[in-house]
Amino acid sequence: MWKRDEAVRPASGPTNVPPAPAPVAAGSPGLRPEASHSMEKDIVNIGKSVVIKGELNGSEDLTIEGHVEGTIQLRDHVLTIGPNGRIKAQVFAKAVIVLGEVTGNVTASDKVDIRDNGSVDGDIISPRVAIAEGAHFRGSVDMQRKPAPVAQAVKPAATAAAQPQAPLPQAAAQSQTPMAAARN
Amino acid sequence: MGLLDIIAARRSDLGPPPAPSTVVDESVFATKALAKFLTTLTARRAPVLLDLGPVVGSNVTYFGEQLGCKIFVEDIYADLDRHVRERKVESLPGFLLKRFPQADSSVDGILCWDLIDYLDRESAQALATQLMRVLRPDGALLGFFGTAQPRDMNYTKYVIVDDVALRHRQYSAARGRQAILLNRDIIRLFSGLRVSDSFLLKNNTREILFRKPTTQP
């Protein structure tokens with residue numbers, strides 16, 4: 001078993017480093033040691049036993065494993081709700097990664113990612129949404145690109161142009177036969 | 001086989017055996033009505049879509065990113081399963097009558113999939129009533145209806161491959177299909193809508209596209 005680990009280690013990697021660096025936080029796997037060391041200061045973890053009720057604001061990436069009720073705002077940063085995280089809140093962030101449970105609306109300026117076993121009960125507004133197989137979701141998804149909050153006063157003229165052109169398919173009819181609709 | 005399938009297969013070779021999944025089978029089938037359904041959606045700006053099936057990430061991406069839809073996911077199959085497991089199926093019609101928070105005439109398209117086949121007549125009528133309520137005039141509803149009653153107890157997750165193909169991903173259900181409806185019964189069920197297109201596929205599925213008539217001035 002241990003020999004197999006040696007075998008899969010990349011040949012170009014350092015040979016005298018410790019076997020495996022300890023993970024810094026959930027959601028940041030695969031970081032090089034020096035990179036993870038520099039990131040350590042920027043990722044805050046709210047532990048399993050922590051319960052927060054109220055408004056949570058921040059300007060750094062945050063991982064929540066505990067319970068939060070109220071509002072979470074990380075406008076320019078990544079919010080990760082860990083497998084043990086339970087959120088009943090309105091969430092605003094740059095990106096939201098859900099491995100636990102969220103009840104409430106989620107707004108992200110970049111992406112919402114609901115991973116396997118993650119659960120969201122609420123409406124999602126984000127230009128990109130990824131929902132894994134096995135994830136739970138109930139609510140609505142709005143992926144319309146909204147103007148940035150600062151630019152909201154100026155009405156964007158290019159909103160319609162930003163809409164992707166939808167395919168207008170010509171169906172291949174090789175395997176079907178039309179059926180009289182009101183045959184019976 | 002796509003790249004993700006290949007990667008997934010390799011991962012499963014390396015790691016421990018995966019936990020038992022509820023997915024039973026997967027196959028790709030042609031679809032004729034989906035393309036027409038999509039055409040009705042693309043005729044509108046920022047269309048609102050109501051999906052009555054379980055959430056499928058790739059479908060959400062397809063409708064959201066490519067078609068610019070706002071999508072409501074209301075997994076009625078899960079509601080049905082819960083009612084069956086809790087032995088309160090008799091309350092399902094009443095539940096369905098209050099299930100949809102959407103306003104009248106607020107939805108441009110409804111993906112009903114094959115849900116009606118799994119409902120008793122009363123529940124199907126309650127659901128149809130609500131769907132006709134929320135559908136906007138000139139909106140479209142896509143429904144699949146079986147022509148034979150399979151004995152297995154599975155639901156099907158419909159994953160959009162493209163506008164002419166659907167991947168059928170089966171997963172276990174609390175109960176099987178209840179009845180095979182005749183065309184005239186289906187039309188009566190959705191009496192407020194008109195049949196726009198209807199296809200009988202080689203896999204014995206009837207695909208029916210309904211449209212809601214625009215109100216007369």
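From a predicted model like this one, the values you see are computed outputs, not experimental measurements.

Draft legend 1. Quick peek at the environment of D116 of chain A. Residue and element names in this part refer to chain A. Here D116 is to be found in the loop between strand 7 (106–114) and strand 8 (119–121). For D116, a count of 10 C-beta atoms within 10 Å translates into the label exposed. Placed 18 residues apart in sequence, D116 and V98 show a C-alpha to C-alpha distance of 8.8 Å. Among all residues touching D116, those that are not within four sequence positions of it are A132, E133, G134 and A135.

Draft legend 2. Focus on helix 2 (residues 33–42) of chain B. Those residues of helix 2 of chain B not exposed but buried are A33, L34, K36, F37, L38 and T42 of chain B. Each element contacted by the buried residues of helix 2 of chain B is listed here: strand 4 (107–113), strand 5 (135–146), strand 7 (165–172), strand 8 (194–201) and strand 9 (205–211) of chain B.

Draft legend 3. How the structure looks around unusual backbone geometry. Located in the positive-phi region is N117 of chain A, a residue other than glycine, with phi close to 75°. Along the chain, N117 of chain A turns up in the loop between strand 7 and strand 8. By the C-beta count within 10 Å, which is 14 here, N117 of chain A ends up partly exposed. The phi dihedral of A46 of chain B falls on the positive side, at around 50°, and the residue is not glycine. Following the sequence through the fold, A46 of chain B ends up in the loop between helix 2 and strand 2 (48–51). For A46 of chain B, a count of 14 C-beta atoms within 10 Å puts it in the partly exposed group.

Draft legend 4. Broad picture of the environment of D163 of chain B. Tracing the sequence through the fold places D163 of chain B in the loop between strand 6 (154–162) and strand 7. Exposure remark for D163 of chain B: the 22 C-beta atoms within 10 Å place this residue in the buried category.

Reading the values: rules and limits
- Numbers given for residues are sequential positions, taken from 1 along each chain in its written order.
- Key to labels: chains lettered from A, ligands numbered from 1, both in the order written.
- Where totals are concerned, whole chains, interfaces and linings use all residues; where local detail is concerned, this predicted model gives features only for residues with pLDDT of at least 70, and gives and counts side-chain atom pairs only at 80 or more.
- Secondary structure elements are taken from DSSP: a helix is a run of H or I of four residues or more, a strand is a run of E of two residues or more, and numbering for both begins at the N terminus.
- Neighbour counting defines burial: a residue surrounded by 20 or more other C-beta atoms within 10 Å of its own C-beta is buried, one with 12 or fewer is exposed, and intermediate counts give partly exposed, using backbone-placed C-beta atoms.
- Throughout, a pair of residues is in contact if the C-beta atoms placed from their backbones lie within 7 Å.

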